[in-house]
Amino acid sequence: MSGNYDVQQVCKNGHQITGSYNIRPDKRKDFCQECGETTIIACPSCGEAIEGTQIKARPDYSGGRSGHSGIVPGSPVGVPDYCSNCGKPYPWRENTIVAAIQMFAELGIDENEESTIDEDMHNIAKDIPQAKPSAMRIKRICDKYGTVAYNVVMEFASKTAAEVLKNQ
Ligand SMILES: [Zn+2]
Ligand SMILES: [Zn+2]
């Protein structure tokens, strides 16, 4: 059964509920125990299921005598940041980026900075070539506001962006 994956349930703030939604229905939850947020099992943009643990056949399976289906969950799986089907950030990722943009707006960035900040913040979250020029612009803003601003962007900055941002 290799190559088969279960579905993952995650709260909208990014806390994993279970990586084995189908095999372990007893682990499902409507609300997150850590933050009280509602939970999802699919990408809100395209509806594709969030990939969970790899499903493995039980090595000792001999025909359903114990009432099991003969499959068990594989190793724990991490919470992904982006949908592999449509490429959009999941709500927890998007909310982190939006919160950072809002915080920078509170700090009082100028019109020029405001015109590119949305794209720049989304770019620095990824390991992509555009993360570098975006990180340069974000760094210029961070330099004006200091540690508080840096701490916010470093929370989600990709390796590519962090190299630029740390290089003071
Ligand atoms: Zn939560
Ligand atoms: Zn999607």
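Reading the values: the criteria
- Residues numbered from 1 in each chain as written.
- Chains lettered and ligands numbered in written order.
- Predicted model: local features only at pLDDT ≥ 70, side-chain atom pairs only at ≥ 80, totals over all residues.
- Core = buried A, V, L, I, M, F, W, Y, C linked by C-beta atoms within 7 Å.
- Buried ≥ 20, exposed ≤ 12 C-beta atoms within 10 Å, placed from the backbone.
- Helix = DSSP H or I, 4+ residues; strand = E, 2+ residues; numbered from the N terminus.
- Contact = placed C-beta atoms within 7 Å.
- Pairing = 2+ DSSP bridges.
- Axes fitted to C-alpha atoms, helices over the stretch in contact; angles between N-to-C directions.

Q: Before we move on, can you summarise the nonpolar core with the specific residues and values?
A: By size, the foremost hydrophobic cluster in this structure holds 15 residues, and its most contacted members are Ala100, Ile124, Ala135, Ile138, Val153, Ala157 and Ala161. Listing elements by their share of this core, those giving two or more residues are helix H1 (91–107), helix H2 (111–124), helix H3 (131–145) and helix H4 (147–154). Among the elements that take part in this core, H3 stands out by supplying 4 residues, more than any other. If near-sequence neighbours (up to four positions away) are discounted, Ala135 is found in contact with Ile124, Ala161, Val164 and Leu165. Membership of the second largest hydrophobic core comes to 7 residues, among which are Ile17, Cys43, Cys83 and Tyr90.

Q: Provide a residue-level description of the sheet that holds strand E6 (residues 71–73), including the pertinent values.
A: Spatially, the 3 strands line up as an open sheet ordered E1-E5-E6, and their pairing is antiparallel. Strand pairing shows two members of the sheet lacking a second neighbour, strand E1 (5–7) and E6, which therefore form its edges. The mean inter-strand angle of the sheet, taken between neighbouring strand axes irrespective of direction, is 45 degrees. Sheet analysis places E1 next to strand E5 (residues 51–57), joined by 2 bridges and oriented antiparallel. Note that in E5 the partner of Val7 across the bridge is Glu51.

Q: Describe in detail the sheet that holds strand E3 (residues 16–18), supporting the description with residues and values.
A: Strand order in the open sheet formed by 3 strands is E3-E2-E4, with antiparallel pairing between adjacent strands. Here the strands that pair on one side only, and so sit at the sheet edges, are E3 and strand E4 (39–40). In this sheet, E4 lies alongside strand E2 (residues 9–11) in antiparallel orientation, the contact comprising 2 bridges. Counterpart to Val10 in the pairing with E4 is Ile40.

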